[in-house]
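# Reading the structure
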2 protein chains.
Amino acid sequence: MIPYKIYLSEDEMPKQWYNVRADMKNKPAPLLNPATKEPLTLEELSVIFCEELAKQELDDTDAFIDIPQEIQNFYKMYRPSSLVRAYCLEKKLNTPAKIYYKFEGNNTSGSHKLNSAIAQAYYAKTQGLKGVTTETGAGQWGTALSMACAYLDLDCLVFMVKCSYEQKPFRREVMRTYGAKVTPSPSMNTVIGRKILEKHPNTSGSLGCAISEAVEVATTTPGYRYVLGSVLNQVLLHQSIIGLETKIAMDKYNIEPDVIIGCAGGGSNLGGLIGPFMREKLLGKKDYHFIAVEPASCPTLTRGKYVYDFCDTGMVTPLAKMYTLGNGFIPSAIHAGGLRYHGMSSTLSQLYADGYIDACAVKQTEIFEAAELFARAEGILPAPESAHAIKVAIDEALKCKETGESKTILFGLTGTGYFDMYAYEKFHDHQM
Amino acid sequence: MIPYKIYLSEDEMPKQWYNVRADMKNKPAPLLNPATKEPLTLEELSVIFCEELAKQELDDTDAFIDIPQEIQNFYKMYRPSSLVRAYCLEKKLNTPAKIYYKFEGNNTSGSHKLNSAIAQAYYAKTQGLKGVTTETGAGQWGTALSMACAYLDLDCLVFMVKCSYEQKPFRREVMRTYGAKVTPSPSMNTVIGRKILEKHPNTSGSLGCAISEAVEVATTTPGYRYVLGSVLNQVLLHQSIIGLETKIAMDKYNIEPDVIIGCAGGGSNLGGLIGPFMREKLLGKKDYHFIAVEPASCPTLTRGKYVYDFCDTGMVTPLAKMYTLGNGFIPSAIHAGGLRYHGMSSTLSQLYADGYIDACAVKQTEIFEAAELFARAEGILPAPESAHAIKVAIDEALKCKETGESKTILFGLTGTGYFDMYAYEKFHDHQM
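Residues numbered from 1 in each chain as written. Chains lettered and ligands numbered in written order. Predicted model: local features only at pLDDT ≥ 70, side-chain atom pairs only at ≥ 80, totals over all residues. Heavy atoms only, no water.

## Examining empty space enclosed by the protein
For the record, the criterion: For cavity detection a 1 Å grid was placed over the protein atoms alone, and a set of points counts as a cavity when a 1.4 Å probe fits there but cannot get out; an open set counts as a pocket when protein lies on both sides within 12 Å along at least five of seven lines, with lining residues being those that have an atom within 4 Å of a point. Grid points are joined across faces, edges and corners, and a volume is the space filled by probe spheres set on the points. Secondary structure elements follow DSSP: runs of H or I of four or more residues count as helices, runs of E of two or more count as strands, with numbering from the N terminus. Three categories are distinguished: nonpolar for Ala, Val, Leu, Ile, Met, Phe, Trp, Tyr, Cys and Pro, charged for Asp, Glu, Lys and Arg, and polar for the others, with Gly belonging to the last.
Evaluated as defined, the whole model comprises eight cavities of 30 Å³ or more. Within this model, the largest cavity holds a volume of roughly 640 Å³. Forming the boundary of the largest cavity are 47 residues, of which A:Phe103, A:Asn106, B:Phe103, B:Asn106 and B:Asn107 lie nearest the centre. Looking at the lining of the largest cavity, the elements that each hand over two or more residues are α3 (69-78), β4 (83-85) and β5 (98-103) of chain A together with α3 (69-78) and β5 (98-103) of chain B. A per-element tally of the lining of the largest cavity places α3(B) first, with three residues. Looking at side-chain class alone, the lining of the largest cavity contains 24 nonpolar, 16 polar and seven charged residues.

The following block contains the structure:
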């Protein structure tokens with residue numbers, strides 16, 4: 001019998017990340033300098049990012065890249081994450097389907113974000129930098145980065161969207177516990193922040209503005225660089241640890257998934273989870289049905305256009321070719337903050353354009369219904385983002401119940417919802 | 001090399017709980033009926049508790065008791081918990097000591113409470129009951145119980161101290177997510193609640209009052225019984241799973257702890273962690289140095305008296321012989337809500353009286369300093385309760401640094417602090 005939870009031993013853990021771009025015939029389109037419309041060079045990228053990360057961003061030929069020993073050690077503190085057989089959910093649904101999920105929420109940041117945060121912090125440290133800057137909306141990425149920086153004794157400057165800073169004081173306190181300096185954005189600390197505050201003194205901020213402030217500080221302060229928690233190629237590379245561990249665990253027990261499901265905001269989790277499975281599909285060895293799940297109110301893949309666009313609303317970043325709803329797109333208020341992004345990873349965008357991935361959009365009330373059903377069956381209280389994948393996994397399992405098929409379904413459970421109880425409250429009170 | 005985390009495989013997991021009373025020469029004193037001052041009979045206990053639990057409460061002869069298969073299955077959803085070698089903390093302290101902790105926070109209730117919640121809910125279910133009632137202060141026990149009841153499809157009525165209900169809406173929402181009915185106490189639903197509200201219409205409630213309401217509903221509603229998360233013998237029995245797993249993991253790697261440390265409120269965690277180690281000490285096979293850590297503001301063992309006292313402030317419960325500060329004792333406001341209890345488990349009290357356990361009391365600011373140091377080194381953000389054990393473990397490790405000894409230190413990390421960020425905020429702002 002397959003155990004409830006499969007944990008790899010330390011010596012079974014991956015020692016290399018997987019770079020899916022190396023196996024893609026159609027490579028993702030390069031980032032462009034918005035001024036010249038020319039592909040960004042290593043030199044240009046290194047002004048914003050650490051050198052090694054800039055290299056990783058551009059590398060579309062090396063399939064496997066060594067994970068430095070210090071990062072491997074950090075991974076051992078909270079990884080391997082468990083691959084869980086959802087016996088209780090299967091029973092509750094009375095489905096012949098076999099459901100598995102890879103659970104990335106068992107660390108204090110509460111999500112998979114830590115996998116890339118430690119990598120980015122590590123390369124900053126080895127480059128001899130003093131610190132890193134970033135922005136955070138919901139707060140998961142900021143928390144992950146502050147944990148990584150505390151471990152490496154690196155400065156961590158987080159610009160937190162002002163309304164989140166005020167409405168989510170607890171996330172802010174977690175970051176402070178890890179020694180991060182958290183500034184509500186817009187702030188008086190930057191040229192762009194002062195400019196915005198002059199025009200809109202009562203603004204509650206936006207992710208676009210916070211990105212602009214973080215980039216400004218990183219590029220004008222000696223010894224600092226900017227880091228980002230999703231969308232980038234380097235982030236998908238680091239997040240491949242999710243899929244690699246999953247693949248090793250599944251191979252060990254001869255489990256072959258038919259359907260692989262992940263929620264998709266900027267693509268960090270989905271890209272990480274599907275990586276090594278996508279490799280087999282790209283190389284023509286095996287077929288899998290990949291499903292990207294996005295919110296109906298921010299349907300980047302299902303309703304966006306595949307064009308060059310800015311990565312931020314402030315239009316200060318490079319241009320990326322991606323499925324996008326337009327950098328000015330403002331999704332209606334939904335509680336899955338991590339999925340409220342107008343664009344999608346260039347790599348995933350290319351794979352989607354080439355027909356390797358399917359996508360679907362789901363409604364908010366449905367995802368909270370799925371979240372609650374899941375919590376009661378499996379114990380884990382999921383983040384609203386993760387609940388998007390749960391919803392579609394349950395739908396697939398119910399289809400099997402109708403057809404009698406016993407498909408093997410794998411989905412990514414990216415994180416826990418402990419800091420999202422306000423959203424659950426709205427759901428319970430039928431105010432959603 | 002010892003791995004960072006030791007996980008048992010499913011077939012290595014304990015199939016029996018350990019009942020330390022069976023090996024004690026001086027048995028813990030029995031519960032007394034406050035009216036007659038006679039030991040409570042099984043019949044009397046069964047009015048309040050499920051029959052099987054009442055039996056367990058009285059059983060001081062069977063050393064090992066089978067864990068029913070359904071409880072074993074539930075345990076597999078979130079157990080085994082990891083036994084962690086605190087390599088990063090050791091490095092940060094630069095100590096020759098070897099530090100291990102058993103981490104019980106990796107489940108949605110955020111603590112070890114789930115170990116007994118599922119057992120108590122299971123016996124209620126098999127007795128054919130409709131539901132259970134309980135009280136909750138900080139909310140961990142209520143959350144654990146609602147998870148267990150959701151799994152078994154059992155009604156769960158939680159009386160939550162009114163000030164917590166209002167100040168901790170997120171804990172309340174977690175319970176609601178698992179289908180529990182959460183009532184702020186005092187309420188108009190009970191005779192005693194109405195009486196209290198008549199006298200004190202603006203009261204913010206107390207644990208004593210919430211216990212009284214929960215007991216009233218359990219004893220006056222057909223098909224309901226009352227359950228409790230700490231102090232009782234049955235709870236220590238169920239919590240022995242913590243120590244049993246720890247012992248198996250340590251034996252597997254030939255690790256022998258010299259010092260074993262746990263925080264102590266009602267004693268559920270400490271009693272569970274030390275169980276199988278205490279057995280060896282009681283049987284004269286091995287010696288261990290056990291340390292119970294309590295808050296300086298609620299120093300039950302270090303400053304209390306070993307006498308018969310009520311378990312609640314409302315004086316409606318049976319009398320227990322225990323170290324107590326008096327049932328009217330009100331500790332000054334501290335943030336480790338789980339340790340604000342005037343008494344201590346009868347079993348631990350007897351072991352302490354007989355010299356098998358040491359105890360010490362630590363101050364609030366110190367424990368938050370220890371918590372932050374630990375979080376930055378080991379990643380996990382601890383609950384304030386757990387930080388009491390961390391503080392003393394660090395002290396012991398620093399002693400080793402002075403003496404050059406490389407003792408092996410084991411402590412219980414009972415849970416996470418995600419719902420305690422208000423307390424961390426006060427600490428960061430020097431308002432503690």
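## Digging into the pattern of salt bridges
If the charged atoms of two oppositely charged side chains come close together, the side chains can form a pair. For the record, the criterion: Salt bridge criterion: a side-chain nitrogen from Lys or Arg within 4 Å of a carboxyl oxygen from Asp or Glu. When accessible area is computed with a 1.4 Å probe and restricted to protein chains, residues below 20% of their type maximum are described as buried, those above 50% as exposed, and intermediate ones as partly exposed.
Scanning the model with the defined rule gives 40 salt bridges over all chains in all. The salt bridge involving A:Glu245 is made with A:Arg79; its shortest N-O contact spans 2.8 Å. With A:Glu245 in helix α11 (residues 233-252) and A:Arg79 in the loop between α3 and β4, the pair connects residues that are 166 residues apart, well separated along the chain. When its relative accessible area of 0% is taken as the criterion, A:Glu245 is described as buried. For A:Arg79, a relative accessible area of 1% translates into the label buried. For A:Lys247, the salt bridge goes to A:Glu280, with nearest N and O atoms at 3.3 Å. Of the two residues, A:Lys247 sits in helix α11 while A:Glu280 sits in helix α12 (residues 268-282), which places them 33 residues apart along the sequence. On the basis of relative accessibility, which here comes to 11%, the residue A:Lys247 falls in the buried class. Within the structure, one salt-bridge network assembled from shared partners comprises A:Arg172, A:Glu173, A:Arg176, B:Glu425 and B:Asp429.

## So, the relation of the copies chain A and chain B
We apply this condition: Least squares is the method used to superpose the copies, on C-alpha atoms of residues holding a pLDDT of at least 70 in both.
Each copy of the sequence occupies a distinct position, and chain A is placed on chain B by a rotation of 180 degrees and an axial shift of 0.0 Å, giving an RMSD of 0.0 Å. These values place the two chain copies in the arrangement generated by a two-fold rotation axis. Relative to the rotation axis, the C-alpha of A:Asn106 is the closest in chain A, positioned 3.2 Å from it.

## Concerning the confidence of the model for chain A
Note the following rule: One confidence number per residue, pLDDT, is output by the predictor and ranges from 0 to 100.
Of the residues in chain A, 100% have a pLDDT of 70 or more, and the chain-wide mean is 95. Among the prediction metrics, the complex's ipTM stands at 0.94, with pTM recorded as 0.95.

## Looking at the pairing of strand β15 (residues 408-413) of chain A
Regular strands have side chains that alternate between both faces of the sheet. Residues and elements named next belong to chain A. Test applied: Strand pairing is defined by DSSP finding a minimum of two bridges between the two strands.
Within β15, six of the six residues are buried, which leaves the element mostly enclosed by the surrounding structure. Every second residue of β15 is oriented toward a common face, with Thr 408, Leu 410 and Gly 412 on one face and Ile 409, Phe 411 and Leu 413 on the other, all of them buried. Across six bridges, β5 lies against β15 in parallel orientation. Of the residues in β15, the one forming a bridge with Tyr 101 is Phe 411. The pairing of strand β10 (residues 259-263) with β15 spans three bridges and is classified as parallel. Directly across from Val 259, in β15, lies its bridge partner Ile 409.

## A few points about the pairing of strand β7 (residues 155-161) of chain A
Residue and element names in this part refer to chain A. Using the following cut-off: A crossover counts as right-handed when, viewed with the strands pointing away from the observer, the path leading from the first strand over the helix to the second turns clockwise.
Among the seven residues in β7, six count as buried, and that is most of the element. As judged from the six bridges shared by strand β6 (residues 131-136) and β7, these two strands associate in the parallel manner. The residue bridging Thr 134 from the neighbouring strand is Val 158, located in β7. Viewed along the sheet, the connection from β6 through helix α6 (residues 140-152) into β7 turns out right-handed. As defined by bridge partners, β7 adjoins strand β8 (residues 181-185) across five bridges and the pair is classed as parallel. Each residue of the ladder has a partner; that of Met 160, found in β8, is Pro 184.

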